[in-house]
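# Descriptive structure summary
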Amino acid sequence: MSGMTARRRYGILVRALWSYRRRQTRLGYLPIRLWIEPTNRCNLRCRMCPQSTPRRAQTPEGMMDFGLFRKIVDEASHFVYDVNLHHTGEALMHRDFPKMAKYAKEKGLYTRLHSNATYLSANTAEQIIDSGLDLISFSFDGYDKQTYERIRVNADFKKNLDNIRQFLDIKKRKKSRTPYSIIEVIDIFPDAQEGRAAFQAQFDGLPLDQFIVKRAHNWAGTYGAADETKAVKKAFTCCTFPWYALVIFWDGRADPCPQDFFGDYPLGDLNKQTIAEIWNGERMISLRERMTAKNVGGIIPCSTCDMLERESLAGIPTLNLKVFLKENILGYRKKGLGDRGQG
């Protein structure tokens, strides 16, 4: 197994934080976090997701070739600490997902999955747990059948709830501490929050590690329900993604932002290039320069992203600073409290 030592990881994180604070545009280190998309296909059309927008119907769909996945992970294992094995689609629709998770873990990467649980059969649950996956979070917006199925179109409340309970039961039977297991609810529809206590009680005695209620965002302008996602206006805050992360779509295209659902700011192609070449390529440097100058007008998706208006401390978004301290100073990494796409 390869991988990054804790001391080296801490050093790179401090360096990334310092480079971001000083707004350096050509970086002397490589990304420390990846989003790798096994597929952009999804069987649901949730009301708050860009999958439900007309543009999705015009977007080519596909599955990542395992050879491309292996190439990416082999390179990334020398400098990346953790990898999110999901992006715009439902990753478990890829038949090789357990194999992907196992390969990344064997290369020493901290692995995460976010899933809607619709493809979580007993067999898949066994394979995921055996793969060594570090963290899994389930989207479950709504605490009763009517609310849940109104929000998560094409989903079956009972079936998906049973899938998650079955997964946790298998994890308990195997006496496995991993993956760290989370249920996430997006705080977007008021009536979706009723009955939370009764819903959570259904997991009593099962190894559910955390229950999170998240604030919605507008997917960098792709999801246009401003009345439902609009937050209080704050001063411009320079995005952190270009200083520490990279997204790779199912077909090998690279992008700087996990909120860029349709890849509107392409950086390169991992079929033909390396991560290192893309990381300090002309497009990425230009983005860092524009972000530093607070001049993102005309850049899609940055110009329409609501995440560039956040509270900050000493020029650093407070959310990111809290995550950094929790993961690396207070040692909360093993508790799964890391960034799951908030940037």
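Nothing here was measured: the structure is a model prediction, and the numbers come from that model.

As a further point, take the nonpolar core. Core analysis: the biggest nonpolar cluster contains 95 residues, and L34, M64, F69, I72, F167, F199 and M291 have the highest contact counts within it. With residues near it in sequence (within four places) discarded, M291 still touches F236, C238, C239, W243, V296, C302 and L308.

With that settled, consider the packing of aromatic side chains. All told, the structure shown has 17 aromatic pairs when counted by the stated rule. Taking the centre distance of 6.5 Å and the plane angle of 55° together, the rings of Y29 and W279 count as tilted. Taken together, the residues Y29 in the loop between α1 (6-21) and β1 (33-36) and W279 in helix α10 (residues 275-279) connect sequence positions 250 residues apart. W279 carries the same exposure label as Y29, and that label is buried. Look at Y81 and Y110: their rings are 6.0 Å apart centre to centre, the planes differ by 20°, and that puts the pair in the stacked class. Placement of the pair is Y81 in the loop between α3 (66-76) and β2 (82-84) and Y110 in strand β3 (residues 110-115), with a sequence separation of 29 residues. Like Y110, Y81 is buried. Three or more aromatic residues joined by ring pairs form one cluster here, namely F140, Y143, Y148, F157, F199, F203 and F211. Across the ring face of Y20, the terminal group of R23 is positioned such that the distance to the ring centre comes to 4.3 Å. If you follow R283 out to its NZ or CZ, it ends over the ring of Y265, 3.9 Å from the centre.

A few words now on the packing of helix α5 (residues 122-131) against helix α7 (residues 157-173). Contact geometry for α5 and α7: axes closest at 9 Å, N-to-C directions at 45°. Regarding the angle of α5 to α7, the classification is oblique. Between α5 and α7 the crossing geometry is right-handed. Only Q166, F167, I170, K171 and R173 of α7 make contact with α5, whose side of the interface consists of A122, A125, E126, I128 and I129. Classifying every residue of the contact of α5 with α7 gives six nonpolar, one polar and three charged.

Let us now look at helix α4 (residues 97-106). Buried within α4 are the following residues: F97, P98, M100, A101, Y103 and A104. Buried-residue contacts for α4 involve α3, β2, β3 and α5. One or two residues past the end of α4 sits G108, with phi positive at roughly 90°.

Further remarks concern the environment of N280. Within the element layout of this structure, N280 appears in the loop between α10 and α11 (282-292). Beyond its immediate sequence surroundings of up to four residues, N280 is in contact with T25, R26, L27, I285 and R288. A polar atom in the side chain of N280 sits 2.7 Å from the backbone oxygen of L27.

Moving on, we come to the side chain of R152. Note on placement: R152 falls in the loop between α6 (145-151) and α7. Assessed through its relative accessible area of 6%, R152 is described here as buried. Not counting residues within four places of it along the chain, the set of residues in contact with R152 comprises L44, C46, M48, N116, S139 and D141.

Averaged over every residue, the pLDDT of the protein is 86; the share at 70 or more is 81%. Overall, residues 225-232 carries pLDDT values under 50, and its contacts beyond four positions in sequence, including any with other chains, amount to twelve contacts. Predicted confidence is poor over residues 328-343, with pLDDT under 50, and the contacts of this stretch with residues over four places away or in other chains come to 58 contacts.

Calculation rules
- Residues numbered from 1 in each chain as written.
- Predicted model: local features only at pLDDT ≥ 70, side-chain atom pairs only at ≥ 80, totals over all residues.
- Heavy atoms only, no water.
- Core = buried A, V, L, I, M, F, W, Y, C linked by side-chain atoms within 4.5 Å.
- Buried < 20%, exposed > 50% of the residue type's maximum accessible area, 1.4 Å probe, protein only.
- Contact = heavy atoms within 4.5 Å.
- Phe/Tyr/Trp six-rings, centres within 6.5 Å; stacked < 30°, edge-to-face > 60°.
- Helix = DSSP H or I, 4+ residues; strand = E, 2+ residues; numbered from the N terminus.
- Lys NZ or Arg CZ within 6 Å of the ring centre and 35° of its normal.
- Axes fitted to C-alpha atoms, helices over the stretch in contact; angles between N-to-C directions.
- Parallel < 35°, antiparallel > 145°, perpendicular 65-115°, else oblique.
- Left-handed = near helix turned anticlockwise from the far one by under 90°.
- Nonpolar A, V, L, I, M, F, W, Y, C, P; charged D, E, K, R; others polar.
- Polar contact = N/O pair within 3.5 Å; in protein donor to acceptor, adjacent residues only side chain to side chain.
- pLDDT = per-residue confidence, 0-100.

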